[in-house]
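This is what each chain is made of:
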Amino acid sequence: RLKEALSGIVFLLKRRSDLMRNIVETVKGYAKHEKTVFENVTKARSALVKADSLAEKAQADNMLTSALKSVFAVAEAYPQLQTVLQQQCLRTKHEG
């Protein structure tokens, strides 16, 4: 049961990482000048994918969460972008 639970966690973390990639690509189109924000998200996603242990995955997920705060701060400056992101999140919830 533990392996099954850990497998589920790993799957959800990967799915979250994939969703973040889509969101970042959308935001990039609106805010090309926010290079550092996107570099931090890319580094965090890479760390999450490469993480082997559960502790490393948790640490990488925390890095991703922190980086995403910056992405969403950028998004707040663009009302039209907020709408697109909300639609992507809703679509993802309905898919999974």
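See the structure shown above.
Here the residue numbering is sequential within each chain, running from 1 through the sequence in written order. Local features are withheld for residues below a pLDDT of 70 in this predicted model, meaning they are given only at 70 or higher, and side-chain atom pairs are given and counted only at 80 or more; totals for whole chains, interfaces and linings count all residues. Only heavy atoms go into the side-chain values, all of them from the structure, while hydrogens and water stay out.

**Let's talk about the overall build of the chain**
Logical step 1: Helix and strand content of the chain: four helices and zero strands.
Logical step 2: Listed by position from the N terminus, the elements making up the chain come as α-α-α-α.
Logical step 3: For the chain, with 96 residues in total, the buried portion stands at 30%.
Logical step 4: Residue contacts follow a heavy-atom distance rule, with two residues in contact if any of their heavy atoms lie within 4.5 Å. Across the chain, the fraction of contacts at a sequence separation of at least 24, relative to all contacts at a separation of at least 6, is 69%. We count a stretch as a helix when DSSP gives it H or I for four or more residues in a row; a strand needs E for two or more, and each element gets its number in order from the N terminus. Relative accessibility under 20% of the residue-type maximum defines a buried residue, over 50% an exposed one, and the middle range a partly exposed one, all with a 1.4 Å probe and only protein chains included.

**Observations regarding the environment of S66**
Logical step 1: Structurally, S66 can be placed in helix α3 (residues 54-76).
Logical step 2: Take S66: its relative accessible area is 45%, and that puts it in the partly exposed class.
Logical step 3: Spatially, the C-alpha atoms of S66 and A44 are 9.0 Å apart, while their sequence positions differ by 22 residues.

**Side note on the packing of helix α2 (residues 35-50) against α3**
Logical step 1: A fitted line through C-alpha atoms represents every axis, and for helices the fit uses only the stretch in contact; the resulting angles, taken between N-to-C directions, go from 0 to 180 degrees. In the contact formed by α2 and α3, the axes pass within 8 Å of each other and the chain directions differ by 160°. The angle between α2 and α3 falls in the class roughly antiparallel. For the crossing formed where α2 meets α3, the hand is left-handed. For the pair α2 and α3, the contacting residues are V37, N40, V41, K43, A44, R45, A47 and L48 in the first and K57, A60, D61, M63, L64, A67, L68, S70, V71 and V74 in the second.
Logical step 2: Three categories are distinguished: nonpolar for Ala, Val, Leu, Ile, Met, Phe, Trp, Tyr, Cys and Pro, charged for Asp, Glu, Lys and Arg, and polar for the others, with Gly belonging to the last. Residue classes in the contact of α2 with α3 are distributed as 12 nonpolar, two polar and four charged. Any angle that falls under 35 degrees is termed roughly parallel, while one over 145 is termed roughly antiparallel, one within 65 to 115 roughly perpendicular, and all others oblique. By convention, the crossing between two helices is left-handed when the near helix turns anticlockwise from the far helix through less than a right angle, and right-handed when the turn is clockwise.

**Looking at the side chain of K57**
Logical step 1: With respect to the helices and strands, K57 occurs in helix α3.
Logical step 2: When charges are counted, Lys and Arg contribute as positive and Asp and Glu as negative, whereas His and the chain ends are disregarded. Every case where a carboxyl oxygen of Asp or Glu lies within 4 Å of a side-chain nitrogen of Lys or Arg is listed as a salt bridge. Look at K57: it is buried, it has no salt bridge, and the nearest opposite charge is D52 at 6.0 Å.
Logical step 3: Side-chain polar atoms of K57 contact the backbone oxygen of A51, separated by 2.9 Å. In protein, a polar contact requires one atom able to donate a hydrogen and another able to accept it; more generally it is a pair of N or O atoms within 3.5 Å, and residues adjacent in sequence count only if both atoms are side-chain atoms.

**Things to note about the nonpolar core**
Logical step 1: M20, I23, V27, V41, L64, L68 and V71 are the most contacted members of the largest nonpolar core, which has 19 residues in total.
Logical step 2: Every element with two or more residues in this core is listed here: α1 (2-30), α2 and α3.
Logical step 3: Per element, the largest residue contribution to this core is seven residues, and it comes from α3. Residues enter a nonpolar core if they are buried and are Ala, Val, Leu, Ile, Met, Phe, Trp, Tyr or Cys, with the set joined through side-chain atoms within 4.5 Å.

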